[in-house]
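Chain by chain, the residues run as shown.
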Protein chains: 2
Amino acid sequence: MLKIAKLTDYGTLVMTTLALEPAACLNAQELAARSHVAAPTVAKLLKLLVKGGLVVSTRGTHGGYRLARGAETITVADVVSALEGPIAITACAQHGGGCTIEGSCTSRSNWRLIDEAVRQALSAVTLAQMAAPRVQTARMYGKTVPLHVFAARE
Amino acid sequence: MLKIAKLTDYGTLVMTTLALEPAACLNAQELAARSHVAAPTVAKLLKLLVKGGLVVSTRGTHGGYRLARGAETITVADVVSALEGPIAITACAQHGGGCTIEGSCTSRSNWRLIDEAVRQALSAVTLAQMAAPRVQTARMYGKTVPLHVFAARE
DNA sequence: CGATACGGGACCGAACTGGTGCGGATTATA
DNA sequence: TATAATCCGCACCAGTTCGGTCCCGTATCG
Ligand code: FES
Ligand code: FES
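Glancing now at the side chain of asparagine 110 of chain B. The topology assignment puts asparagine 110 of chain B in helix H5 (residues 108–123). For asparagine 110 of chain B, the side chain forms a polar contact with the main-chain oxygen of methionine 130 of chain A, separated by 3.1 Å.

Below you can see the structure in the form of structure tokens.
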């Protein structure tokens, strides 16, 4: 279904929860309570997010987690790739993926570009925007898309 | 990994093979040979594509498959949704998806928009363009993306 | 030193994935 | 009408992934 794993969905939720309190150092239980995600799951997610460099952890009593950078500089693409590895829609876009017909595949180079377009769509939304109640939208090809698709990010 | 199933990748390959010969009525074996995909797999794919209304089949001796419409009017999004169901990146974007925290999820409406953006990216590429050796590209946010993202369709 | 909380794994059942097989229906041709 | 070619639907299987839980080691604070 061209789906993002549900875990990733939860991950962004935890991240936005974290983004709402940039100064505080929240522990796993507290985050679970605020995001309404099961506690063990939150713990697992946070481990991955730490390894991905998106949040920093403090151990010991009164330990917890904080965002590693400002919420405006963390994109959805960052979260996704931290939780599910590099973004690659086509299994065999990355060569060496074990595709048997790699040599004769005519459409791989085109897939690669679609890949890039999707990556852009995900990179265009920041955590700060996810935390806001609603993203501003605009019209494009007669359909509604997130406004920031048009805004250049430095 | 935010991946499209490998089967879907094969599916587009079969479709482009079909698109190269719009007039002919090719059977499953012939398509397998031309696309270099295993024969049983091709057969399975074609059944799904027929059900999705993207190709039409002719039974009996000298039967086979043809595209249901012109290659310019079939998009990658069509193929993907025929093979893996409706495009929905977030598992719980469609309500009733069984998400337990649906009520308190703050980011679902934003995910929906990202969803739409991805859908647009896939809809912007037609089979005819996939069949061509290389898609024309342009620069956007300083990165390379398919040119047709800018062109209005039909 | 003891309580708190992160860290890294191992682990499990359920679901999905890619791939194969077979009997039945449909059509062209001899 | 008989036969061969071809699609159709479904059932089946092994391997992997996914969501989720548990446990024990380690670091920090008081
Ligand atoms: S490279 Fe694997 S199908 Fe194109
Ligand atoms: S609705 Fe399921 S996580 Fe947002």
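One finds Leu2, Val76, Trp111 and Leu122 of chain A together with Leu2, Val76 and Leu122 of chain B to be the most contacted residues of the largest nonpolar core, which totals 30 residues. Look past the residues within four positions of leucine 2 of chain A in its chain and what remains in contact with it is Ile89 of chain A together with Lys3, Ile4, Glu84, Ile87, Ala88, Ile89, Val118 and Leu122 of chain B.

All names here are of chain A. Two strands pair when backbone bridges link them, and strand E1 (residues 55–58) and strand E2 (residues 64–67) are joined in this way by 4 bridges, in the antiparallel orientation. Bridging across to E2, valine 55 finds its partner in leucine 67. Linking two consecutive strands that pair antiparallel, namely E1 and E2, is a turn of 5 residues; a positive phi of about 80° is found at glycine 60 within it.

For the rest of this paragraph, the subject is the protein's contact with DNA strand C. Taken together, the neighbourhood of DNA strand C is formed by 22 residues, with Ser57 and Arg59 of chain A together with Lys6, Lys44 and Arg59 of chain B sitting nearest. When atoms of DNA strand C within 4 Å of the protein are split into backbone and base, the sugar-phosphate part holds 69%. Contacts to DNA strand C include tyrosine 65 of chain A, whose side-chain N or O atom sits 3.0 Å from a phosphate oxygen. Between a sugar or linking oxygen of DNA strand C and a side-chain N or O atom of arginine 59 of chain B, the distance comes to 2.8 Å. Taken together, the elements giving at least two residues each to the surface near DNA strand C come down to E1 and E2 of chain A together with helix H1 (6–19) and helix H3 (39–51) of chain B. When residues of the surface near DNA strand C are assigned to their parent elements, the largest contribution, 3 residues, is made by H1 of chain B.

When the charged atoms of two side chains lie near each other, side chains of opposite charge can form a pair. Summed over all chains, the structure comprises 10 salt bridges over all chains. We note a salt bridge from arginine 69 of chain A to aspartate 78 of chain A, for which the minimum N-O separation is 4.0 Å. With its nearest N and O atoms 2.8 Å apart, the salt bridge here joins glutamate 30 of chain B to arginine 34 of chain B. Note that glutamate 30 of chain B and arginine 34 of chain B are positioned in helix H2 (residues 28–35) at a spacing of 4 residues, about one turn of the helix. Judged by its relative accessible area of 36%, arginine 34 of chain B is partly exposed. Residues joined in a network through salt bridges with shared partners are Glu21, Glu30 and Arg34 of chain A.

Calculation criteria
- Residues numbered from 1 in each chain as written.
- Chains lettered and ligands numbered in written order.
- Predicted model: local features only at pLDDT ≥ 70, side-chain atom pairs only at ≥ 80, totals over all residues.
- Heavy atoms only, no water.
- Helix = DSSP H or I, 4+ residues; strand = E, 2+ residues; numbered from the N terminus.
- Polar contact = N/O pair within 3.5 Å; in protein donor to acceptor, adjacent residues only side chain to side chain.
- Core = buried A, V, L, I, M, F, W, Y, C linked by side-chain atoms within 4.5 Å.
- Buried < 20%, exposed > 50% of the residue type's maximum accessible area, 1.4 Å probe, protein only.
- Contact = heavy atoms within 4.5 Å.
- Pairing = 2+ DSSP bridges.
- Near = heavy atom within 4 Å.
- Salt bridge = Lys/Arg side-chain N within 4 Å of Asp/Glu carboxyl O.

Function-wise, these values are silent; they only describe arrangement.
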